[in-house]
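These are the residues of each chain, in order.
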Amino acid sequence: MTINQPELVAPRAPAGQFLAVRDLRVHFPTDDGLVKSVDGLSFTLDKGRTLGIVGESGSGKSVTSLAVMGLHTAGLHGNQVRARLSGEIWLDGKELLGSDPDEVRRLRGREMAMIFQDPLSALHPYFTIGHQIVEAYRVHNEVTRQAARKRAVELLDRVGIPQPDKRAKDYPHQFSGGMRQRVMIAMALVNNPELLIADEPTTALDVTVQAQILDLIRDLQKEFGSAVIIITHDLGVVAELADDILVMYAGRCVEKGPAEQVFTTPRHPYTWGLLGSMPRLDRERSDRLIPVKGSPPSLINVPSGCAFHPRCPYGERVGAVTRTEVPVLREVGPRHEAACHMAAEERSRVWTEEIAPKL
Amino acid sequence: MAARGGPPGGAGRLRHPPGATARPSTVLAYLIRRLTAVVVMLLIVTLATFAIFFMIPKLTGTDPALLFVGKQADPAAIEGIREKMGLSDPVLVQFWKFVEGLVAGRDYANGVDVTHCPAPCFGYSFRNEQEVWPVLTSRLPVTLSLAAGACLLWVIGGVAAGVVSALKRGSVWDRSAMSVALAGVSLPIYFTGLVSLAIFSYALDLINVDYEPLTQNPGKWFESLILPWITLAFLYAAMYARLTRATMLEILGEDYIRTARAKGLGEGVVIGKHAMRSTMTPILTILGLDLGALLGGAVLTETTFNLPGLGQGAVRAISDKDLPIILGVTLIAAFFIVIANLVVDLLYAVIDPRVRLS
């Protein structure tokens, strides 16, 4: 070790940011062509903050979270479709995409953990939940079975499972949906991860249970101080939890900013569409929901220019540029960015005059 | 006699109601119910085989007594046998006496001489007037040796090949292993068996295939069984490799495998523990049923290699029209299959916590 050794690593860790994703691309080669699930996504997240990633099915939300967890490259066997990843993912000063897979594996479950959508299929049916949590703890901590068991019971208790020491001996199928999701959360939190990714954590649950699970995630975040990414297609969920919102469309970010801003002054037609299709109890019931017309684009043949243009009701007002040029993210407010060809003043006017009154 | 059946209730994809912990009392009640069913089942099989084997000679005009005595018998001797064997009794009476003999033994008497046949009495061979039960018990160890050794080979070989194929899907290994497996499934035993005999026994003179019991000469026992083991295991290993590969590939796509990786578990634990645990469930089920069916006699293998097992006994009995032996082998085979089914069902409840015994 020499003291004045020059810095060898070219890209530097972003200062002060806990998680930084830069120009992330995740492409899957298939027989039909290259599926560009995520195509140039960047965002940052600090400790103790919650980022909500919103978008339709197939917009690249889950693919992004799996990329951060390093699960696209883990456990590939034979000639399975190998994802092509590029860009940078910085977690607590370490770049993950270029790291040794085994190093990333050691971070998984310890520094970053994930809650999956359907807890019934995400838990192993043949092992007791106690065993599964103990296993998650002992991978990263050299402790006795008893100590790990104590820790598992403690967490089951913390996530609100009654009689945790008894229920730890039960199998996943013996729990209700909400209880199973609590088990998933306990398992994710067992190593005090600094980054928690919740991929549609309430989608598979009963509506009455959804609120409880969201409350639990919020409380735990306060308690553990971790950074949380919550992935959902339900704007109600992000309204509930997120400090920041990132709206994804066809593998790209179309709008991101503080939750307050995105909800009160959204600056992208797609975000308007999402807001218009969200049922709200504080509005007249007679008003119809306004769905986003059309269906999500193919990720093999992403529409040229702005990927949203075939479905955008305002495309005509902008002209040909919407079909030829990919719009870049531009600042539209404090920490608030949107990628749209429409002039900022025009968007502001359309929102206040045409869209907001109808919501 | 290797009939194949699916696992009871489909392969591990059952969704059962929550709270499926079986209490000991319900397990006991279940066992008693199942064992009763086993007895009833065996009685029905006995009745059916009895009816077929003892009625058909009557319908076709062949006299069982004649079969027993031989062609050049005088009418008095035939009449004596008919009397002694009770062949002129009504069928149901004959059946009752047969079942009674199975349970308690029976005496054959025609007033002049009495022959006692101890339980379980399957009667006497038409061919050489031997008691059937000792014939069966002398043949059973051969079949047992064959099945046990082959089973060990095919489980280890088949599962290992299947797992490696699944993990290296599309590789040269996978494609060649699956081609070999396809050959194994398609080639009949009398082909692979004869080829191996021709090469290793006749041409190279490496292996002497004359069977000797384990208790008399373990070395010769082993030597005589190597080729039958490999031949039989080849067929089953091929099936198990394909089953293992397909199951493993399906399991690897499951969400809980992703969860295991998300926990930070190494690939060894993910595959060796999480994926294998699920893959073994359907395999153990099929294994129980296959083994049960095989214990009734591996007809082709035993015939090809001239092994004096139950299967070979059955074939000889059929060509000799030796009805009591046929009946005996059928009952033994049915017994093993019914018991194997019960064991598999019990095993299923042990290996899959979602299955409830009720």
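Please refer to the structure higher up on the page.
Residues numbered from 1 in each chain as written. Chains lettered and ligands numbered in written order. Predicted model: local features only at pLDDT ≥ 70, side-chain atom pairs only at ≥ 80, totals over all residues. Heavy atoms only, no water.

### Considerations on the sheet that holds strand β10 (residues 252-258) of chain A
All names here are of chain A.
Inference 1: Taken together, the 8 strands give an open sheet; going across it, the order is β6-β7-β8-β3-β9-β10-β12-β11, and neighbouring strands pair in mixed fashion. On the outer flanks of this sheet lie β6 (112-115) and β11 (330-333), each paired with one strand and no other. Between one strand and the next, the sheet's axes are offset by a mean angle of 20 degrees, whatever the strand orientation.
Inference 2: Pairing of strand β3 (residues 50-54) with strand β9 (residues 244-249), which is carried by 4 bridges, proceeds in the parallel orientation. Paired with Gly 52 across the strands is Ile 245, a residue of β9. (Pairing = 2+ DSSP bridges. Helix = DSSP H or I, 4+ residues; strand = E, 2+ residues; numbered from the N terminus. Axes fitted to C-alpha atoms, helices over the stretch in contact; angles between N-to-C directions.)

### As for the packing of helix α5 (residues 132-167) of chain B against helix α13 (residues 323-351) of chain B
Residues and elements named next belong to chain B.
Inference 1: The geometry of α5 relative to α13 is characterised by a closest axis approach of 10 Å and an angle of 50 degrees between their N-to-C directions. Here α5 lies oblique to α13, going by the angle between them. Between α5 and α13 the crossing geometry is right-handed. Together, Val 132, Trp 133, Val 135, Leu 136 and Leu 140 of α5 and Pro 324, Ile 325, Gly 328, Val 329, Ile 332 and Phe 336 of α13 make up the contact between the two elements.
Inference 2: Among the residues making up the contact of α5 with α13, the classes are represented as 10 nonpolar, 1 polar and no charged. (Parallel < 35°, antiparallel > 145°, perpendicular 65-115°, else oblique. Left-handed = near helix turned anticlockwise from the far one by under 90°. Contact = heavy atoms within 4.5 Å. Nonpolar A, V, L, I, M, F, W, Y, C, P; charged D, E, K, R; others polar.)

### Re the sheet that holds strand β4 (residues 84-91) of chain A
Residues and elements named next belong to chain A.
Inference 1: With antiparallel pairing, 4 strands are arranged side by side in an open sheet as β2-β1-β4-β5. Of all strands in the sheet, those with a lone pairing partner are β2 (33-45) and β5 (94-95), marking the two edges.
Inference 2: One ladder, built from 10 bridges, connects strand β1 (residues 19-30) with β2; its direction is antiparallel. Within β2, the residue paired with Val 26 across the bridge is Val 38.
Inference 3: This element, helix α1 (residues 61-69), spans β1, β2 and β4 of the sheet and lies at about 110 degrees to β1.

### A closer look at the interface of chain A and chain B
Inference 1: Counting residues at the interface gives 32 residues for chain A, matched by 34 residues for chain B.
Inference 2: Both sides of the chain A and chain B interface together cover about 2800 Å² of buried area, and 59% of this is carbon and sulfur.
Inference 3: Where chain A touches chain B, the interface holds 2 salt bridges.
Inference 4: Measuring nitrogen to oxygen at the nearest pair gives 2.8 Å for the salt bridge that ties Lys 273 of chain B to Glu 135 of chain A.
Inference 5: Going through the elements one at a time, α1, α3 (119-122), α4 (129-140) and α7 (177-189) of chain A are the ones with two or more residues in the side of chain A that touches chain B. (Buried area = accessible area lost by both parts, 1.4 Å probe. Salt bridge = Lys/Arg side-chain N within 4 Å of Asp/Glu carboxyl O.)

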